[in-house]
Amino acid sequence: MRKMAIAVAVSLCSALVSVQVARAVTCGDGVTEAPEECDNGGYCIGSSNAGTACTSSAACPGGECKTAGGDGCAANCTTERDVNIQLVPGVSEGLSIRPGTSGVVADAGFLQLPLPLSGKLVMTIGKQRDGKIPVVVKASGIDFPAVPVLSLACGCVHGATAKTCGGTFFEADGTTLSTDCTANEALCAGKKPCTFVHGPGNTASGNIGCTGIDGNNLTYTLDAGGDSGTALPPVVTINGSGPAGSASILTTIGVNVAVGGCTGTGAAYGPDGKFCTADDASDFGAAATLPAVTGMATATITNLPDGGEIGPTTVTGAPFTCSQVELGNPGGSALVSAFALAGINVMGISSLGVTVNLVAKDNPVIPPSCAGDCDGSNEVTVNEIIAMVNIALGSAPASTCAAGDVDGNGEITVNEIVSAVNKALGSCS
């Protein structure tokens, strides 16, 4: 009788393979249809009505309807989960950061300032679809402690929401950077509306390419303007293809410096007397929105007032392993970025080439030892196999049988059901 019941469950499992989608399903149309797990619609970017809610690009003349994520529903209409990334703490090594550790290097030409980073960030991911895992990082999801700088100042690296005119990174020509209106929406007068780049509340958005990705390298070049002292618009180039696990995640990074120590009084330190905490009266004015990649990132400043240049300063990242990220382990990956600043005045420094390297600690996750043992009884029953089939058909949540979700991606596949059937016919031991 038991084997007959298992055979019925196997038949149900086989039926999953033959299910065909009768018509096209569009993520972002506001209607949740299998295989979607959610669909919250999107918002217009690059159009004259940028920032308004939409369910198709037809509602965004000249632009597109973008799905964001960060609200529980990922950009590919799968449910989201949080993955904690604990940084490998940075170690200063001369005027740089030791390879394989986390940190920022600010290159002033005559001096390099290594800023070791520690702490964590929370990466919110969807499930893998079409070879990609969508990623956002919420502005509240970055927690990097303050960094003393040569005992003379205190540095802070932070996440922040960002807006541009139209909500895009590039204008339609693909080379001109969209106007940053985060601090002043009036800059968009006569242009497209000031709109969130990553979606409301997010500091980063992008994808991990499980079969590879285009745009795996970043080059940021800034002409400082020579004797005029007025920098020209930066030239940002994104190119190159990366291997499986490569990522391109558009990220807003803020770097701020308080002259003195990491504790003190005044607006920069806030009521708690500590720099780089939530109560500081700081706008992280040196913020830049750029891709964080797993390839190479390079910053260069040319045409300084003295005729010289800074850089190129380069940092190299490392790809994710998708099967491990889906289990909650980003270990071994490194996201890098780079940007340049001119016309600033920080500790007598007027120009900086900045590289950022965020290296993830290994966070091994042990999958269930017995696929399908929903109740932890050390055996797989017919009812547990049926429960897994119901999850796979979408009629029950994955939490009904966490042990059936062997790879931890929030869904039950045919292969996982087959594994459970094998355990039921044999034993968990």
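Just so it is clear, the model here is predicted, and its values are computed rather than measured. All residue numbers here refer to positions counted from 1 along the written sequence of the relevant chain. Local features are withheld for residues below a pLDDT of 70 in this predicted model, meaning they are given only at 70 or higher, and side-chain atom pairs are given and counted only at 80 or more; totals for whole chains, interfaces and linings count all residues. Only heavy atoms go into the side-chain values, all of them from the structure, while hydrogens and water stay out.

## Points about the overall build of the protein chain
Working step 1: Each helix corresponds to a stretch of at least 4 residues labelled H or I by DSSP, and each strand to a stretch of at least 2 residues labelled E; elements are numbered beginning at the N terminus. Per the secondary structure count, the protein chain includes four helices and 24 strands.
Working step 2: In summary, the protein chain has a C-alpha radius of gyration of 24 Å against a globular reference of 22 Å for 429 residues, a match within 12%.
Working step 3: Structurally, the protein chain occupies a C-alpha span of about 85 × 50 × 45 Å along its principal axes.
Working step 4: Exposure categories follow from relative accessible area, calculated using a 1.4 Å probe and restricted to protein chains: below 20% of the type maximum is buried, above 50% is exposed, and the middle band is partly exposed. Split into buried and exposed, the 429 residues of the protein chain put 47% on the buried side. For the radius of gyration, the atom set is restricted to C-alpha positions; the globular benchmark scales as 2.2 Å times the number of residues to the power 0.38.

## Digging into the state of the cysteines
What is meant by a disulfide is a covalent connection between two cysteines, made through their sulfur atoms.
Working step 1: Note on terminology: disulfide denotes any pair of cysteine sulfur atoms within 2.5 Å. One pass over the structure, following the stated rule, counts ten disulfides.
Working step 2: Each sulfur of the disulfide joining cysteine 156 and cysteine 276 lies 2.0 Å from the other. Here the disulfide of cysteine 156 and cysteine 276 is right-handed, its torsion about the S-S bond being about 65 degrees. Of this pair, cysteine 156 sits in strand E13 (residues 153–159) while cysteine 276 is found in the loop between strand E19 (246–259) and strand E20 (288–293), placing the two residues 120 residues apart along the sequence. The residues cysteine 156 and cysteine 276 share a single accessibility class, namely buried.

## Here's the deal with the sheet that holds strand E2 (residues 53–54)
Working step 1: Between any two strands, at least two bridges found by DSSP are needed for them to pair. Strand order in this open sheet of three strands is E2-E1-E3, and the pairing throughout is antiparallel. At either margin of the open sheet sits one strand with a lone partner, and together these are E2 and strand E3 (64–66).
Working step 2: As judged from the two bridges shared by strand E1 (residues 42–45) and E2, these two strands associate in the antiparallel manner. Residue pairing for E2: tyrosine 43 is matched across the bridge by alanine 53.

## A closer look at helix H3 (residues 382–392)
Working step 1: Residues of H3 that are buried: Val382, Glu384, Ile385, Ala387, Met388, Val389 and Ile391.
Working step 2: Within two residues after H3, glycine 394 carries a phi angle of roughly 85 degrees, on the positive side.

## Let's talk about the confidence of the model for the protein chain
Close inspection of predicted coordinates is inappropriate in any region flagged by low pLDDT.
Working step 1: Every residue carries a pLDDT, the predictor's confidence in it, which falls somewhere between 0 and 100. Summary statistics for the protein chain give a mean pLDDT of 86 and a share of 90% for residues scoring 70 or more.
Working step 2: We call two residues in contact when some of their heavy atoms are within 4.5 Å. Ignoring residues within four places in sequence, the model shows residues 15–22, a span with pLDDT below 50, making six contacts including any to other chains.

## A short note on the packing of aromatic side chains
Working step 1: Each pair of aromatic rings taken from Phe, Tyr and Trp, with Trp reduced to its six-membered ring, is defined by centres within 6.5 Å and is described as stacked if the planes are under 30 degrees apart, edge-to-face if over 60, and tilted in the remaining cases. Applying the stated criterion to the full structure yields two aromatic pairs.
Working step 2: Ring geometry for phenylalanine 169 versus phenylalanine 170: centroids 4.7 Å apart, planes at 55 degrees, classification tilted.
Working step 3: A centroid spacing of 6.1 Å and a plane angle of 65 degrees characterise the contact between tyrosine 269 and phenylalanine 275, whose relative ring orientation is edge-to-face.
Working step 4: The exposure class assigned to tyrosine 269 is buried, which follows from its relative accessible area of 7%.
Working step 5: Given a relative accessible area of 4%, phenylalanine 275 falls into the buried group.

## Quick look at the sheet that holds strand E22 (residues 310–316)
Working step 1: One open sheet accounts for four strands, arranged E18-E17-E21-E22; its pairing is mixed. Of all the strands in the sheet, the pair left with one neighbour each is strand E18 (235–242) and E22. With direction set aside, neighbouring strand axes in the sheet form an average angle of 15 degrees. Only the stretch in contact is used when fitting a helix axis, every axis being a line fitted to C-alpha atoms; angles between N-to-C directions are given from 0 to 180 degrees.

## Examining the environment of leucine 152
Working step 1: For leucine 152, the position within the fold is in the loop between strand E12 (147–149) and E13.
Working step 2: Along the sequence, leucine 152 and glycine 141 sit eleven residues apart, while their C-alpha atoms lie 28 Å from each other.

## Some points on the side chain of aspartate 373
Working step 1: Of note, aspartate 373 is situated in the loop between strand E24 (349–359) and H3.
Working step 2: It turns out aspartate 373 is buried and unbridged, and the closest side chain with the opposite charge, lysine 423, is 10.0 Å from it.
Working step 3: Think of a polar contact as two N or O atoms within 3.5 Å of one another; within protein, one of them needs to be a possible hydrogen donor and the other a possible acceptor, and neighboring residues in sequence only count if both atoms come from side chains. Side-chain polar atoms of aspartate 373 contact the backbone nitrogen of asparagine 378, separated by 2.8 Å. Here the positive residues are Lys and Arg and the negative ones are Asp and Glu; neither His nor the chain ends is included. What makes a salt bridge here is a side-chain nitrogen of Lys or Arg within 4 Å of a carboxyl oxygen of Asp or Glu, nothing more.

## Some words on empty space enclosed by the protein
Gaps left between atoms are located by rolling a probe of water-molecule size over the structure's atoms.
Working step 1: Space inside and on the surface of the protein is sampled on a 1 Å grid over the protein atoms alone, with a cavity defined as a set of points where a 1.4 Å probe fits but cannot get out and a pocket as an open set with protein on both sides within 12 Å along at least 5 of 7 lines; lining residues have an atom within 4 Å of a point. Grid points are joined across faces, edges and corners, and a volume is the space filled by probe spheres set on the points. By the definition in use, this model includes three cavities of 30 Å³ or more.
Working step 2: Looking at the lining of the largest cavity, the elements with two or more residues in it are strand E9 (120–125), E13, strand E16 (202–209), E19 and E24.
Working step 3: For the lining of the largest cavity, the element with the highest residue contribution is E19, accounting for four residues.
Working step 4: Here the residues of the lining of the largest cavity are counted per class, giving 14 nonpolar, five polar and no charged.
Working step 5: In this structure, the second largest cavity spans a volume of roughly 50 Å³.
Working step 6: As for the second largest cavity, its lining consists of Ile85, Leu87, Leu121, Phe320, Ser333, Ala334, Leu335, Leu358, Val359 and Ala360. Nonpolar residues are Ala, Val, Leu, Ile, Met, Phe, Trp, Tyr, Cys and Pro. Charged residues are Asp, Glu, Lys and Arg, and all others, Gly as well, are polar.

## Quick word on the pattern of salt bridges
Working step 1: Overall, the coordinates contain three salt bridges when judged by the stated rule.
Working step 2: For the salt bridge of glutamate 93 with arginine 98, the shortest nitrogen-to-oxygen distance reads 3.1 Å.
Working step 3: For arginine 98, a relative accessible area of 39% puts it in the partly exposed group.
Working step 4: We note a salt bridge from lysine 163 to glutamate 185, for which the minimum N-O separation is 3.1 Å. Here lysine 163, found in strand E14 (residues 163–165), pairs with glutamate 185, found in the loop between E14 and strand E15 (194–196); they are 22 residues apart in sequence, far enough to count as distant.
Working step 5: Of the residues examined, lysine 163 reaches a relative accessible area of 18% and is grouped as buried.
Working step 6: Residue glutamate 185 is classed as partly exposed on the basis of its relative accessible area of 46%.

## Structural notes on the pairing of E1
Working step 1: Relative to E3, E1 runs antiparallel, the two sharing three bridges. Considered in E3, the bridge of cysteine 44 is made with cysteine 65.

## Looking at the nonpolar core
Working step 1: Among buried residues, the Ala, Val, Leu, Ile, Met, Phe, Trp, Tyr and Cys ones that are joined through side-chain atoms within 4.5 Å form a nonpolar core. Core analysis: the largest hydrophobic core is formed by 62 residues, its most contacted members being Leu117, Leu121, Met123, Phe144, Ile208, Leu290 and Phe339.
Working step 2: Ranked by residue count, the leading element in this core is strand E23 (residues 334–346), at six residues.
Working step 3: Every residue in contact with leucine 290, bar those within four places of it in the chain, is listed here: Phe169, Leu218, Tyr220, Val236, Ile249, Leu250, Thr251, Ser337, Ala338 and Phe339.
Working step 4: Ranked by size, the runner-up nonpolar core spans 14 residues in total, among them Val380, Ile391, Ile412 and Ala420.

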